[in-house]
Amino acid sequence: MVKLTTADKVAAVAPDIRAKIAKRSRTKGSNYEREVAKKIANYFGEEWSSCFFRTKPHGMAQPNGDIQPINKMYDRWRGAKLGPIECKNRAVWSFDQLFKNPERSELYRYWKKSNEDTKSNNTVLVFTKNGVSDFVMTVDSVCAVAPYLLVVIPFDAKLIIQTLPNFLAANFFIQVK
């Protein structure tokens, strides 16, 4: 049996099928970005369109994050010393990876790449997958409300993972809804 590399597998898929898959992936990502913006804005009792705008990609990176706070939300976000917001809705991550080999886990790779893309070291990574709550991964200098998971990446970072409602309550001192 011949083993194909990932590049060979991708090359074997017809270009029109690859384009459809890529478009579906972009649509899924865009929908999740809007969903996250709505949830954060709703927490403050505001419309998402008056609190955030979705940034346009610059090549493969979005230097200001996926969604950018504006107006009063900008003041709140910066006042809480929070970094750019990146959103991931991917099925390949698991918390098990963090316990087995944290520096090789998908979640850590997402956070590391988000920091590189935004040229920041305090990106707020909001992530989920089908059937799972929204979680937030941040550096450990950001406030947290129990329960949360502290992940230590040797020689690199201490990261906090908590639910989106707990993250908002910890950083904006409003009761979790």
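Note that the structure is predicted; figures quoted are calculated from it, not measured. (Residues numbered from 1 in each chain as written. Predicted model: local features only at pLDDT ≥ 70, side-chain atom pairs only at ≥ 80, totals over all residues. Heavy atoms only, no water.)

Q: Looking at this structure, I do not really get the pairing of strand β4 (residues 124-128). What am I missing?
A: Along any regular strand the residues' side chains alternate between the sheet's two faces. With five of five residues buried, β4 is to be regarded as a mostly interior element. On β4, burial covers both faces: Val124, Val126 and Thr128 on one face and Leu125 and Phe127 on the other are all buried. Examined bridge by bridge, strand β3 (residues 85-89) and β4 share five bridges and lie parallel to one another. Within β4, the position partnered with Lys88 by the bridge is Phe127. Where β4 lies against strand β5 (residues 135-139), three bridges are found, and the strand directions are antiparallel. Looking across to β5, one finds that Phe127 is bridged to Phe135. Connecting β4 to the antiparallel partner β5 that follows it, the hairpin turn spans six residues, and Gly131 within it adopts a positive phi of roughly 80°. (Buried < 20%, exposed > 50% of the residue type's maximum accessible area, 1.4 Å probe, protein only. Helix = DSSP H or I, 4+ residues; strand = E, 2+ residues; numbered from the N terminus. Pairing = 2+ DSSP bridges.)

Q: I'm lost on the environment of Glu46 in this one. Help?
A: Topologically, Glu46 is positioned in the loop between α2 (15-43) and β1 (52-54). On the basis of relative accessibility, which here comes to 17%, the residue Glu46 falls in the buried class. C-alpha separation for the pair Glu46 and Met73, spaced 27 residues apart in sequence, amounts to 9.6 Å. In contact with Glu46, other than residues within four places in its own chain, are Ala41, Cys51, Lys72 and Arg76. A polar side-chain atom of Glu46 sits 2.7 Å from a polar atom in the side chain of Arg76. (Contact = heavy atoms within 4.5 Å. Polar contact = N/O pair within 3.5 Å; in protein donor to acceptor, adjacent residues only side chain to side chain.)

Q: Can you help me understand the pattern of salt bridges in this one?
A: Side chains that differ in sign of charge can pair as their charged atoms come close. Under the definition given, this model contains seven salt bridges. Between Glu33 and Arg54 there is a salt bridge, with the nearest N and O atoms lying 2.8 Å from each other. Of this pair, Glu33 sits in helix α2 while Arg54 sits in strand β1, and the two are 21 residues apart along the sequence. Among the salt bridges present, the one from Asp117 reaches Lys113, with a minimum N-O distance of 2.9 Å. Note that Asp117 and Lys113 are positioned in helix α5 (residues 106-118) at a spacing of four residues, about one turn of the helix. Classification of Asp117 as buried rests on a relative accessible area of 15%. Connected through shared salt-bridge partners, Glu35, Lys39 and Asp134 make up one network. (Salt bridge = Lys/Arg side-chain N within 4 Å of Asp/Glu carboxyl O.)

Q: Any chance you could explain the environment of Ser94 here in plain terms?
A: Its location among the elements puts Ser94 in the loop between β3 and α4 (95-100). Of the residues examined, Ser94 reaches a relative accessible area of 21% and is grouped as partly exposed.

Q: Before we go on, may I ask you to explain the confidence of the model for the chain in this structure?
A: Residues shown with low pLDDT carry predicted positions that ought not to be read at fine detail. Summary statistics for the chain give a mean pLDDT of 83 and a share of 81% for residues scoring 70 or more. Mean pLDDT values over the elements of the chain span from 63, in helix α1 (residues 6-12), up to 94, in β4. (pLDDT = per-residue confidence, 0-100.)

Q: How should I be thinking about the packing of aromatic side chains in this particular structure?
A: What describes a pair of aromatic rings is the distance from one ring centre to the other and the angle between the planes of the rings. Evaluated as defined, the whole model comprises ten aromatic pairs. On the basis of an interplanar angle of 90° and a centroid distance of 5.0 Å, the ring pair of Trp93 and Phe127 is categorised as edge-to-face. Residue Trp93 is located in the loop between β3 and α4, and its partner Phe127 is located in strand β4; the two are separated by 34 residues in the primary sequence. For the residue pair Trp93 and Phe127, the accessibility class agrees, reading buried in each case. Consider the rings of Phe127 and Phe135, whose centres lie 5.8 Å apart with planes at 25°: the pair is stacked. Overall, the relative accessible area of 0% leaves Phe127 in the buried class. Within the aromatic cluster, the residues linked to one another by ring pairs are Tyr43, Phe44, Trp77, Phe167 and Phe172. (Phe/Tyr/Trp six-rings, centres within 6.5 Å; stacked < 30°, edge-to-face > 60°.)

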